[in-house]
Amino acid sequence: MGRTALIVIDMLNTYEHEDAEVLVRSVREALPGVETLLERARDADAPAVYVNDNFGRWRSHHGEILEAALAGRYSDLVEPVAPDEDALFVVKARHSVFFETPLAYLLGQLDVQRVVLCGQVTEQCVLYSALDAHIRHLDVVVALDAVAHIDAGLAEAALRMMERNMAAELRPSLEITFEDAPPG
């Protein structure tokens, strides 16, 4: 079995969109779980890959995205999970972290076989990313306490779909490890 990578989805957010107020409440609840996962991945020397929307700013790069999020009204939701100097970064334009991004290639180069997904939004970007990881034959883990939603009912349905249809493991962040599994 290959390595495990943490995929942090859309946590660098300015929250300047229609559903922001509802999402912010859920992000506040998920934030400690994301922090736990980042700490555990760093302790295990596992790759942490931030995959973030560019919000339609086609000249943006990770520094600009981070600066905009930190300058926003909810910087307190960004600061605790801001990427460190070892974090990897991929810009995305659509829901899935894989759609027309170099993520699959990057994970292959890192010998990653298992991805741990956290971030936002459970019923959108996390769901589509889990599906795309599954069809790429990656093992998928979703951190139950480290994903945020806009619609609680849809998020619950999305989690059930990920578990049932994509063989995703659903676990709390404290039960997720990043150590490489020994070869079988």
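Keep in mind that this is a model prediction, so the values were computed, not measured. (Residues numbered from 1 in each chain as written. Predicted model: local features only at pLDDT ≥ 70, side-chain atom pairs only at ≥ 80, totals over all residues. Heavy atoms only, no water.)

A separate point is helix α1 (residues 20-43). Here α1 is 24 residues long and its end C-alpha atoms lie 32 Å apart, about the 34 Å a rise of 1.5 Å per residue gives. By the largest-angle criterion, A30 marks the main kink of α1, which is about 40 degrees, and a proline, P32, follows within four residues. Within the span of α1, buried status applies to A20, L23, V24, S26, V27, A30, L31, G33, V34, L37, L38 and A41. The positive-phi residue at the C-terminal boundary of α1 is D45, with phi of around 55 degrees. (Helix = DSSP H or I, 4+ residues; strand = E, 2+ residues; numbered from the N terminus. Expected span 1.5 Å × (residues − 1). Bend = angle between axes of the 7 residues up to and from the residue. Buried < 20%, exposed > 50% of the residue type's maximum accessible area, 1.4 Å probe, protein only.)

Its place among the elements puts V22 in helix α1. By relative accessible area, which is 34% here, V22 ends up partly exposed. Excluding residues within four positions of it along the chain, V22 makes contact with H149 and I150. (Contact = heavy atoms within 4.5 Å.)

Moving on to the pairing of strand β4 (residues 112-120). With eight of its nine residues buried, β4 lies for the most part within the structure. Across seven bridges, strand β1 (residues 3-9) lies against β4 in parallel orientation. The residue of β4 that forms the bridge with I9 is G119. This β-α-β element, β4 to helix α4 (residues 122-135) to strand β5 (residues 139-148), shows right-handed connectivity. (Pairing = 2+ DSSP bridges. Right-handed = clockwise from strand over helix to strand, strands pointing away.)

Take the packing of aromatic side chains next. Taken as a whole, this structure holds one aromatic pair when the rule is applied. Ring geometry for Y15 against Y74: centres 5.8 Å apart, planes inclined by 80 degrees, an arrangement best described as edge-to-face. Remark: Y74 occurs in the loop between α2 (62-71) and β3 (88-92) and Y15 occurs in the loop between β1 and α1; sequence separation between them is 59 residues. The burial state of Y15 is the same as that of Y74; both residues are buried. (Phe/Tyr/Trp six-rings, centres within 6.5 Å; stacked < 30°, edge-to-face > 60°.)

Turning our attention to the packing of α4 against helix α5 (residues 152-166). The geometry of α4 relative to α5 is characterised by a closest axis approach of 9 Å and an angle of 5 degrees between their N-to-C directions. With respect to each other, α4 and α5 are oriented roughly parallel. Only L154, A155, A158, L159, M161, M162, N165 and M166 of α5 make contact with α4, whose side of the interface consists of T122, E123, V126, L127, A130, L131 and H134. Taken together, the residues that form the contact of α4 with α5 break down as 11 nonpolar, three polar and one charged. (Axes fitted to C-alpha atoms, helices over the stretch in contact; angles between N-to-C directions. Parallel < 35°, antiparallel > 145°, perpendicular 65-115°, else oblique. Nonpolar A, V, L, I, M, F, W, Y, C, P; charged D, E, K, R; others polar.)

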